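Tertiary structure, described
If you want the building blocks of each chain, they are given just below.
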Amino acid sequence: MTLQTQSIGDLPSSADTVIIGAGIMGLAVAFHLAERAPKRRIVVVDKGYLCGGASGRNGGGVRAQWSSAINIELMRESLELCADFAQRMGINVWFRRGGYLFLARSETYLEQLGASAELQRSFGLKTRVIEAKEARRIVPELSADSLLGASWNPDDAVVFPWPFVWGYAKGAADRGVHISPFTEVLGFERQGDAISAVLTSAGSVRTAEVVLAAGAWSPEIAKALDLHLPNWPHRHEICSTEPLKPFLGPLVADLESGLYCSQSMRGEIVGGISNERVPEGLDQRSSLRFLALYARAMTQTFPVLGGIRILRQWAGCYDLTPDGSPIVGRVDAVPGLILLCGFMGHGFMMAPIMGKRVAAYLTTGEGAELFDRWSLGRFERGELIQESMILG
């Protein structure tokens, strides 16, 4: 499948909606918005290439196991959108429902998983807390040393990230959306407080509506509007091993260490781990410290993997917020601006449902309560929405 987009020299001089960020979040909004409003002129700009940011640098996990009701509700629907994506968009995303297995090595984390599982079941999920011996029946290669139990949901899934981005991009372009990669946002024009144009390296686009969906790059772009956002970038590293015979059905995760890993359809073990000692700012380099942390945790969790070889290592930027929840919705101080950022490294799995919800919100105002709940103003009001099931 190839994506045909117009060159940056053809950037339209005006648009009804400009979306900043051609990652999966921005492209999902563009696709659903073009479906709901076929006559709306939509432009998507990005300073890099498709899959150049976090959307092309993540592990592809998609789960409904969360500790907050809003995330559980959204991800139930997002999982179904992911399951239907290949058939609807005509591109294979290697969607595989192998489940998520969250490990607990302390009473504190076991209790936390138990409380989250109870909440998840109230939404109809199959999540249950299991003993270590049952976790080993699911993954026999798993070490039971210090393992007290686990949270298990067989309906969680893993996908290959890149085709999701390509699928949304082609679907949006086929519906008339102009996608302009390698187009950097340089600033904005305003009439009073309201946005009147987006200034880019390819020219200006007159518009009264801007969706800022640039992930960890969003705070820097917002500065051009004299707007301070409380989210910040944090480098997260991942690696992939040589292919092995299939043995790992679920994605295995440990909230305490931040370890997670799954096995791809080709047999590679793909995963990462928390690493607090990383440079500040937008940094996508790799480090030896990550490999040491990851190798130690992996061999403790799966002793059988002690001799395997690492083939590739890469990094992307998480988009962190003070309460672990996204920043979404309109900004009173900047009329015409809609924020869609701060997804804590889990924006990829939430993009299908957020694209659908944002498109509905922009066209009819539907779902305003969600955007009020996750608005930028909650930080001033002290109405934080804590989410604890964050990996990495």
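In what follows, the structure referred to is the one given above.
A few points on the structure. Keep in mind it's a predicted model, so treat the numbers as computed, not measured. (Residues numbered from 1 in each chain as written. Predicted model: local features only at pLDDT ≥ 70, side-chain atom pairs only at ≥ 80, totals over all residues. Heavy atoms only, no water.)

Observations regarding unusual backbone geometry
Positive phi, normally seen in glycine, also occurs at D226, with a value near 60°. Mapped onto the fold, D226 is located in the loop between α6 (218-223) and β13 (232-241). Of note in this structure, M344 is not a glycine but carries a positive phi near 60°. Residue placement: M344 occurs in the loop between β19 (337-341) and α8 (347-364). (Helix = DSSP H or I, 4+ residues; strand = E, 2+ residues; numbered from the N terminus.)

Here's the deal with helix α5 (residues 161-174)
With 14 residues, α5 should cover 20 Å at 1.5 Å per step; its first-to-last C-alpha distance of 20 Å lies within 8% of that length. Within α5, the full set of buried residues consists of P161, P163, F164, V165, G167, Y168, A169, G171 and A172. Check the buried side of α5 and you find it contacts α1 (24-36), α2 (69-89), β8 (178-180) and α8. G176 sits one or two residues past α5 and shows a positive phi near 95°. (Expected span 1.5 Å × (residues − 1). Buried < 20%, exposed > 50% of the residue type's maximum accessible area, 1.4 Å probe, protein only. Contact = heavy atoms within 4.5 Å.)

Some words on the pattern of salt bridges
Applying the stated rule across the entire model yields 22 salt bridges. K223 serves as the salt-bridge partner of E220, at 3.0 Å between the closest nitrogen and oxygen. Here E220 and its partner K223 are both found in helix α6, three residues apart, which amounts to about one turn of the helix. One salt-bridge network, held together by shared partners, links R235, E237, D283 and R285. (Salt bridge = Lys/Arg side-chain N within 4 Å of Asp/Glu carboxyl O.)

A few points about the packing of aromatic side chains
By the definition in use, this model includes 12 aromatic pairs. Between F85 and Y168, the ring centres sit 4.9 Å apart and the planes meet at 70°, which makes this aromatic pair edge-to-face. Residue F85 is located in helix α2, and its partner Y168 is located in helix α5; the two are separated by 83 residues in the primary sequence. The structure contains a cluster of three or more aromatic residues connected by ring pairs, namely F31, F85, F164, Y168 and F348. Between R63 and the ring centre of W66, over which it is positioned, the NZ or CZ distance is 3.9 Å. (Phe/Tyr/Trp six-rings, centres within 6.5 Å; stacked < 30°, edge-to-face > 60°. Lys NZ or Arg CZ within 6 Å of the ring centre and 35° of its normal.)

Some points on the side chain of S240
Positionally, S240 belongs in strand β13. If sequence neighbours within four positions are ignored, S240 has contacts with E268, I269, V270, I310, L311, R312 and W314.

A closer look at the nonpolar core
Counting 77 residues, the largest nonpolar core has L27, F164, Y168, L340 and M354 as its most contacted members. Looking at which element gives the most residues to this core, the answer is α8, with 10 residues. Setting aside chain neighbours within four positions, we find Y168 in contact with I24, L27, A28, F31, H32, F85, M89 and P352. (Core = buried A, V, L, I, M, F, W, Y, C linked by side-chain atoms within 4.5 Å.)

Describing the sheet that holds strand β14 (residues 251-254)
One open sheet accounts for eight strands, arranged β5-β6-β4-β14-β15-β16-β13-β17; its pairing is mixed. Across the chains shown, the open sheet's two edge strands, defined by having one partner strand only, are β5 (128-131) and β17 (310-320). The average undirected angle you get between the axes of adjacent strands in this sheet is 20°. Sheet topology places β14 next to strand β15 (residues 259-263); three bridges connect them, and they run antiparallel. Bridging from a neighbouring strand, A253 pairs with Y260 of β15. (Pairing = 2+ DSSP bridges. Axes fitted to C-alpha atoms, helices over the stretch in contact; angles between N-to-C directions.)

Details of the sheet that holds strand β11 (residues 203-206)
Overall, antiparallel pairing links the three strands, which are arranged β9-β10-β11 in an open sheet. Edge positions in the open sheet fall to β9 (185-191) and β11, since each of these has one partner strand only. Neighbour-to-neighbour, the strand axes of this sheet turn through a mean angle of 25°, independent of strand direction.

Let's talk about the state of the cysteines
A complete count under the given rule lists zero disulfides for this structure. Of all cysteine sulfurs, the one in C82 lies closest to C51, which takes part in no disulfide; the gap is 15 Å. Residue class for C51 comes out buried when judged on its relative accessible area of 11%. (Disulfide = S-S within 2.5 Å.)

By themselves, these are just geometric observations and shouldn't be taken as functional.
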